[in-house]
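Fold and contact review
Chain residues, written in single-letter form:
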Amino acid sequence: MKSIQILAACSLLMSGIANAAPNYNGTVKGEIDGKKFDVKVVCERSKIGKMDSLSARSDPGMEIDAKDRNGDGIAVSVTGDMSQPAAAFTMLVGGKVYKFGARRDLKVTAAGLSLKAHFKPAPNKPEQTAYDADLTLECT
């Protein structure tokens, strides 16, 4: 009987850990392709030697894909090297997925980064359309 109680307690504890809310410590907000967004993200920053990497994810379990896992219709993934500076973005906003990288128009701040850029379709992707991105990532 005691082992059943211990097993039940461990199950409850583990289910609470698995379903724990993400520890949001930042935001990504702005506009992409005329669609405004403002979403909380989990920021992680690490420094190894001269490399200063930053990642931000809006949805639990999200890596570089753009799947809305929390039902708000938005998914954001940002991975950057703040020492270069350079960043890769994958975003789901307004039902459309946007994937782009930035160096030239990227501005690094003490709290994150900002980007204001115009993106043209790749020559081998005529079905794509040009769009503007104006966004800010701030981590606390």
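First things first, this report covers the structure right here in the doc. (Residues numbered from 1 in each chain as written. Predicted model: local features only at pLDDT ≥ 70, side-chain atom pairs only at ≥ 80, totals over all residues. Heavy atoms only, no water.)

1. Focus: unusual backbone geometry
Rule in force here: For the purposes of this entry, the term helix denotes a DSSP run of H or I that reaches at least four residues, the term strand denotes a run of E that reaches at least two, and both are numbered from the N terminus. Residue burial is assigned from relative accessible area. The probe radius is 1.4 Å, only protein chains are included, and a residue is buried under 20% of its type maximum, exposed over 50%, and partly exposed in between.
At the junction of Gln84 and Pro85, the peptide bond is cis and its omega measures out at -20 degrees in the coordinates. Considering the arrangement of structural elements, one finds Pro85 in the loop between β4 (75-81) and β5 (86-93). Residues other than glycine seldom take positive phi values, yet Asp33 does so here, at roughly 55 degrees. Judged by its relative accessible area of 27%, Asp33 is partly exposed.

2. Details of the nonpolar core
For the record, the criterion: Throughout, nonpolar core names a set of buried Ala, Val, Leu, Ile, Met, Phe, Trp, Tyr and Cys residues whose side chains join them through atoms within 4.5 Å.
Counting residues in each nonpolar core, the largest one holds 29 residues, and the members touching the most others are Ile32, Phe89, Phe100, Leu113, Leu115 and Leu137. Where this core is concerned, the elements lending two or more residues are β1 (26-32), β2 (35-48), β3 (51-57), β4, β5, β6 (96-102), β8 (112-119) and β9 (131-139). Broken down by element, this core gets its largest block of residues, five residues, from β9.

3. Quick notes on the pairing of β9
Put simply, the test is: For two strands to be treated as a pair, DSSP must find no fewer than two bridges joining them.
Residues Tyr131, Ala133, Leu135, Leu137 and Cys139 of β9 are buried on one face, while the alternating residues Asp132, Asp134, Thr136 and Glu138, pointing to the opposite face, are not. In this structure, β1 lies alongside β9, joined through seven bridges in antiparallel fashion. Paired with Ile32 across the two strands is Ala133, which belongs to β9. Of the strand pairs in this sheet, β8 and β9 are connected by eight bridges, and their pairing is antiparallel. Residue pairing across strands places Ala117 opposite Ala133, the latter belonging to β9.

4. Focus: the pairing of β2
As judged from the seven bridges shared by β1 and β2, these two strands associate in the antiparallel manner. Across the sheet, the residue bridging to Lys29 is Asp38, located in β2. A loop of two residues connects β1 with β2, the two strands running antiparallel in sequence, and Asp33 in this loop sits at a positive phi of about 55 degrees. Direction of pairing for β2 relative to β3: antiparallel, over a ladder of seven bridges. From the neighbouring strand, Val42 faces β3, where its bridge partner is Arg57.

Geometric descriptors of this kind do not, in isolation, establish any biological role.
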